[in-house]
Amino acid sequence: MDWTFGIITGGGQEHFINTIITSIENQNIEKDKYEILIVGNCNVKRNNTTVISFNESIKPMWVTKKKNIITEKSKFENVVYLHDYISFEPNWYSNFVNFGEDWDVCMNRIKNTDNSRFRDWLLWLPKLFPYEDHSKIKEMYISGAYFCAKKQFMLKYPLDETLIWGQGEDVEWSLRSREVWNYKCNPKSEVKLLRHKYIDPNHQ
């Protein structure tokens, strides 16, 4: 199972990014079966890792453009899109191999720093939904911090580059793509936030 790990950054997060890369290396994926693409200003030099520079002055917080660049540059069909503060838990890769590739978009369990659920398998509100329940995939929403998708699907349904972070770019993309997506949850492949993010307890 081949993967492109696409990390977007605004710069100054080398410590977190090195931690993320180490967590990927610890998956013991064969070196010709994965690549790491970092889009943004980043002074990191690691194996299987390419840094794609990005001019932040054109449009600050232009996360949609960065993610579309990851899609375009990816050499593998399975792509992970993540912000620069999310690392991979042990057995993420082996559990994905067991889960399989029958999906267009896939969500994993996202753990906050205290191991509580972050914004992963979400019903539209957003409200956390049971991992095993796939009955409402056309009523769901993907928070842009982390998700997996097929390159071909993302080429067909790219993020709207007229929007930046904070303008509901993930909402717009979810509404547009969920009418057609084969969306699944693989909770056994887990990721974890490297810095705590607040989540409204009313959306649990």
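These numbers come from a predicted model, not from an experiment.

Student: Any chance you could explain the pairing of strand β2 (residues 34–39) here in plain terms?
Tutor: Side chains on a regular strand alternate between the two faces of the sheet. For β2, the buried fraction is high: six of the six residues fall into the buried class. Here β2 shows two buried faces, one formed by Y34, I36 and I38 and the other by E35, L37 and V39. As paired elements, strand β1 (residues 3–8) and β2 share six bridges and run parallel to each other. Bridging from a neighbouring strand, I8 pairs with V39 of β2. Once the chain exits β1 it traverses helix α1 (residues 14–25) before rejoining the sheet at β2, and the crossover so formed is right-handed. Bridge analysis of β2 against strand β3 (residues 49–52) gives four bridges, and the strand direction is parallel. Across the sheet, V39 pairs through a bridge with I52, a residue of β3.

Student: Looking at this structure, I do not really get the sheet that holds strand β8 (residues 127–128). What am I missing?
Tutor: Backbone-to-backbone hydrogen bonds pair the strands of a sheet. The strands run either parallel or antiparallel. One open sheet accounts for three strands, arranged β8-β7-β9; its pairing is antiparallel. In the strand order of this sheet, the two ends are held by β8 and β9 (140–141), each with one partner. With two bridges joining them, strand β7 (residues 122–123) and β8 adopt antiparallel strand pairing. Its bridge partner being in β8, L123 is matched across the sheet by K127.

Student: Where do I start with the pairing of strand β10 (residues 146–150) in this structure?
Tutor: Among the five residues in β10, five count as buried, and that is most of the element. Neither face of β10 is left uncovered, since the one carrying Y146, C148 and K150 and the one carrying F147 and A149 both have all their residues buried. One ladder, built from five bridges, connects strand β4 (residues 78–83) with β10; its direction is antiparallel. When the bridges of β10 are listed, Y81 appears paired with F147. Sheet topology note: the strand β6 (residues 105–111)/β10 ladder contains two bridges and is antiparallel.

How each quantity is defined
Residues numbered from 1 in each chain as written. Predicted model: local features only at pLDDT ≥ 70, side-chain atom pairs only at ≥ 80, totals over all residues. Heavy atoms only, no water. Buried < 20%, exposed > 50% of the residue type's maximum accessible area, 1.4 Å probe, protein only. Helix = DSSP H or I, 4+ residues; strand = E, 2+ residues; numbered from the N terminus. Pairing = 2+ DSSP bridges. Right-handed = clockwise from strand over helix to strand, strands pointing away.

The analysis is restricted to geometry; functional conclusions fall outside its scope.
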